[in-house]
Amino acid sequence: MIKFNKRLLVVWIVLAAFTLSYLWIDHSLSGSLTSSALVTSSVIVIALIKVRIIFREFMEVRQAPVLLCRLTDAWVVLIGAALLGSYFIGTAIR
Amino acid sequence: MVDLADKSGRARFVPGQPDMWAFVLFETLVFTAYFGFYLFCRTQTPEAFLHSQAQLDLRIGVFNTLVLLLSSWSVARCVQSARAGAYGPALRDAYLTAFFGLVFGCSKVFEWAQQIQLGNGFDSSDFFTYYFFLTGIHFVHLLIGFVVLGIVIYQLRSPARRSQQLVETCATYWHTVDFLWVLIFALLYVVR
Amino acid sequence: MSAVITPPASSATPPTGPPHHRIAWHLWRSPKRELWLAWAILVAFYNLFFPVFFIVAQVQPPPQPTWDLATQVHWFHERQLGIPIGFGIIFAIGGMNAINNALIAYSMRRMSVTRAFGYSYLIIYSLSAIPGLYLLCIALIVGTLRPDRDPEAVGWLYDFAFLSFDGTMGVFLIGSLIWMVAILIDKNRVFPKWFGYLNLCNALTEVVVAPCWIFRRGVLAWNGQIAWWLDMVVFGVYQVTFIVMLFQMIRREDFGTGPLPDLARKKAQKNGEA
């Protein structure tokens, strides 16, 4: 059980690191109010990586039947497609 | 629920009721639709959105995310402890999860008050409409999460109950509140 | 319903034979015929309701809150005939709602939960038809009655109709939650748990539509992409699902008080006694 607890803590540290990376992104933009497709895309991708980690580690999908693994992975892809799609279609239409 | 054993010999299982997973996936689709509308709207008037977004404090958002991720950690630990029969530690972790949830909730209310004092209300601008809408509907989910945690605590307290499936089901719901926030945080606070 | 004192269904088994014989038996002699009648009324109601609102009266999708008075008056003129005819139909079939609610309340009676759930659902949904349906119908019919009415008054009726329709979701919210809680704590397995959670999804859409009181434009206005369009998608999924769920419940019904038996697999039926 100690092994499990350690794994969960490591998972949290990884997620926290990804979260803190947003601070770094914000800092490197330092106050410039410009929209950027690169920033938006990377931010969304990082968020999706975090969501997948939450699915697999915290929600125990790693140990779930293959169908659930595939379903949650498909969902992550679907969310990514919807978000990036909305953003890029919107940018194109404008 | 038990499927063929995986390579390491442990049987694969669906955590909690499959019904809750159906709900999680469906609700995620609904939120994705909200996010899609938000991102599309954003691209139509980017300067206005950027200007409003600058009024948010990223550090509060980061703090919120870290706290909610901690709550997910503690509820995941709770599930594992309960599965191993260690109900004392599991109960403590459930209370810890509720505590983190409470910290998140208070922080949110504090942030809303701060924004309203700055003059940014629900209908001040398109960005703030989305801000209050997304954080608001998420907050409703958080409140439901407290009820769900109450069920976990109720189950763990007495040896007569302690349904592992129910505890896992409730934990699955709580993690959903967490990962929805991860997305909301990225889209409201960081996206440019 | 006299379901409680009806003898067990095992003494009345459906006959084998051509489909029309079996259907006729179900509608005429089966102990469940009253349930089937209620379900048929439910389906008939919605098959009338949606075409009336969308095609005959054309009041849904809703028009914009931002229109000026002249446009609103023109909107009423366009529906001079459609609204009175359509809503005349709605007034005539409105009573069917009582049967719909009774069928849902019946499902809660069949559950292992207290009867209070069924009764409170009945009360709430009976009352909710007034702000949730009839006020809109009355206001819009009044709006079309006199073509030369003062535009200010017409504008008032326009706002009143759509705000009452979209803004009074609170009662439906509570009703959905009552059904959800009943399903989740039920031990008779009348409905699967995921259907209880779907009730929660539906209840949450009622929360989402509430801001339409504040917004006259944008995604949260009464015709907004989120408050109307997205909510209609969720609502549509919910409607179709609960009609199917009630159908399954009636098929499984054994008029007992214990867990509702699952439907026998079709294969087993064929392999069993013919």
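These numbers come from a predicted model, not from an experiment.

A. How the structure looks around the overall build of chain A. Each helix and strand in chain A was counted, giving three helices and zero strands. In terms of overall dimensions, chain A has C-alpha extents of about 50 × 30 × 10 Å along its principal axes. Residue burial in chain A is summarised as follows: out of 94 residues, 27% are buried. Sequence separation of 24 or more characterises 68% of the internal contacts of chain A that already satisfy a separation of 6 or more.

B. Just the overall build of chain C, in detail. Within chain C, the secondary structure is distributed over eleven helices and zero strands. Its C-alpha atoms give chain C principal-axis dimensions of roughly 70 × 35 × 30 Å. Here chain C holds 274 residues, and the buried ones make up 31% of them.

C. Here's a closer look at the interface of chain B and chain C. Opposite the 18 residues of chain B that make contact, chain C presents 17 residues. Looking at the side of chain B that touches chain C, the elements with two or more residues in it are α1 (18-44) and α5 (126-157) of chain B. Examining the composition of the side of chain B that touches chain C, we find that ten residues originate from one element, α1 of chain B, more than from any other. A class-by-class count of the residues in the side of chain B that touches chain C yields twelve nonpolar, two polar and four charged.

D. Highlighting the nonpolar core. With 136 residues, the main nonpolar core has Leu183 and Ala186 of chain B together with Ala227 of chain C as its most contacted residues. With 17 residues, the top contributor of residues to this core is helix α6 (residues 164-190) of chain B. For Ala227 of chain C, the residues in contact, after removing those within four places along its chain, are Asp166, Val208, Val209, Pro211, Cys212, Val219, Leu220, Ala221 and Trp222 of chain C.

E. Spotlight on helix α8 (residues 170-185) of chain C. If you check α8 of chain C, its first and last C-alpha atoms are 23 Å apart, about what 16 residues at 1.5 Å a residue would give, namely 22 Å. Every buried residue of α8 of chain C is listed here: Phe172, Leu173, Gly175, Ser176, Ile178, Trp179, Ala182 and Ile183 of chain C.

F. Examining the interface of chain A and chain B more closely. Counting from both sides, the interface comprises 43 residues of chain A and, opposite them, 42 residues of chain B. Mapped onto the side of chain A that touches chain B, the elements with two or more residues apiece are α1 (2-29), α2 (37-58) and α3 (66-93) of chain A. Here the side of chain A that touches chain B gets 13 residues from one element, more than from any other, and that element is α1 of chain A. Residue composition of the side of chain A that touches chain B, by class: 29 nonpolar, ten polar and four charged.

G. View of the environment of Phe53 of chain C. Residues and elements named next belong to chain C. Within the element layout of this structure, Phe53 appears in helix α2 (residues 33-56). Considering only alpha carbons, one finds Phe53 and Gly82, 29 residues apart in sequence, at a separation of 9.6 Å. Excluding its chain neighbours within four sequence positions, the residues that come into contact with Phe53 are Val59 and Gln60.

H. Structural detail: α6 of chain B. Between its first and last C-alpha atoms α6 of chain B spans 38 Å; for 27 residues at 1.5 Å apiece the expected length is 39 Å, and the two agree. Where burial is concerned, most of α6 of chain B is hidden: 23 out of the 27 residues are buried.

I. Up close: unusual backbone geometry. Cis geometry marks the peptide bond from Gln60 of chain C to Pro61 of chain C, where omega comes out at -5°. With respect to the helices, strands and loops of the structure, Pro61 of chain C is situated in the loop between α2 and α3 (69-78). The backbone of Glu60 of chain A sits at a positive phi, close to 65°, despite the residue not being glycine. Note on Glu60 of chain A: 22 C-beta atoms within 10 Å, which makes it buried. The backbone of Arg162 of chain B sits at a positive phi, close to 60°, despite the residue not being glycine. Mapped onto the fold, Arg162 of chain B is located in the loop between α5 and α6. Using a count of 15 C-beta atoms within 10 Å as the deciding quantity, one classes Arg162 of chain B as partly exposed.

J. Quick look at the environment of Trp194 of chain C. Mapped onto the elements, Trp194 of chain C comes out in helix α9 (residues 193-209). C-alpha separation for the pair Trp194 of chain C and Leu184 of chain C, spaced ten residues apart in sequence, amounts to 8.9 Å. Excluding its chain neighbours within four sequence positions, the residues that come into contact with Trp194 of chain C are Asp19, Ala22 and Phe23 of chain B.

K. Spotlight on the packing of α2 of chain A against α3 of chain A. Residues and elements named next belong to chain A. Contact geometry of α2 with α3 gives a least axis separation of 10 Å together with a crossing angle of 165°. By the criterion of interaxial angle, the relationship of α2 to α3 is roughly antiparallel. Note that α2 runs across α3; the crossing there is right-handed. Residues Ala37, Thr40, Ser41, Ile44, Leu48, Val51, Arg52 and Phe55 of α2 lie in contact with α3, whose contacting residues are Thr72, Val76, Ile79, Gly80, Leu83, Leu84, Tyr87 and Thr91.

L. Examining the confidence of the model for chain C more closely. Residues and elements named next belong to chain C. For chain C, the average pLDDT comes to 86, and 92% of its residues sit at 70 or higher. Scored below 50 in pLDDT, residues 6-11 makes seven contacts in the model with residues more than four places away or belonging to other chains. Among the scores for the predicted complex, ipTM is 0.93 and pTM is 0.90.

M. Broad picture of the arrangement of the chains. Most contacts, among the two pairs of chains that meet, fall between chains A and B. Nothing in chain A touches chain C, and the closest approach of their C-alpha atoms is 14 Å.

N. Quick look at the environment of Val191 of chain B. Its location among the elements puts Val191 of chain B in the segment after α6. Between the C-alpha atom of Val191 of chain B and that of Leu39 of chain B, which follows or precedes it by 152 residues, the distance is 9.2 Å. Apart from residues no more than four positions distant in its own chain, Val191 of chain B is found in contact with Thr40, Val43 and Ile44 of chain A together with Ala186 of chain B.

O. Quick peek at the packing of helix α2 (residues 46-53) of chain B against α5 of chain B. Residue and element names in this part refer to chain B. The geometry of α2 relative to α5 is characterised by a closest axis approach of 8 Å and an angle of 55° between their N-to-C directions. The orientation of α2 with respect to α5, classified from their angle, is oblique. Of the residues in α5, those in contact with Ala48, Phe49, Ser52 and Gln53 of α2 are Asp126, Phe127 and Phe128. Its residues assigned to classes, the contact of α2 with α5 shows four nonpolar, two polar and one charged.

Conventions we followed
- Residues numbered from 1 in each chain as written.
- Chains lettered and ligands numbered in written order.
- Predicted model: local features only at pLDDT ≥ 70, side-chain atom pairs only at ≥ 80, totals over all residues.
- Helix = DSSP H or I, 4+ residues; strand = E, 2+ residues; numbered from the N terminus.
- Buried ≥ 20, exposed ≤ 12 C-beta atoms within 10 Å, placed from the backbone.
- Contact = placed C-beta atoms within 7 Å.
- Nonpolar A, V, L, I, M, F, W, Y, C, P; charged D, E, K, R; others polar.
- Core = buried A, V, L, I, M, F, W, Y, C linked by C-beta atoms within 7 Å.
- Expected span 1.5 Å × (residues − 1).
- Axes fitted to C-alpha atoms, helices over the stretch in contact; angles between N-to-C directions.
- Parallel < 35°, antiparallel > 145°, perpendicular 65-115°, else oblique.
- Left-handed = near helix turned anticlockwise from the far one by under 90°.
- pLDDT = per-residue confidence, 0-100.

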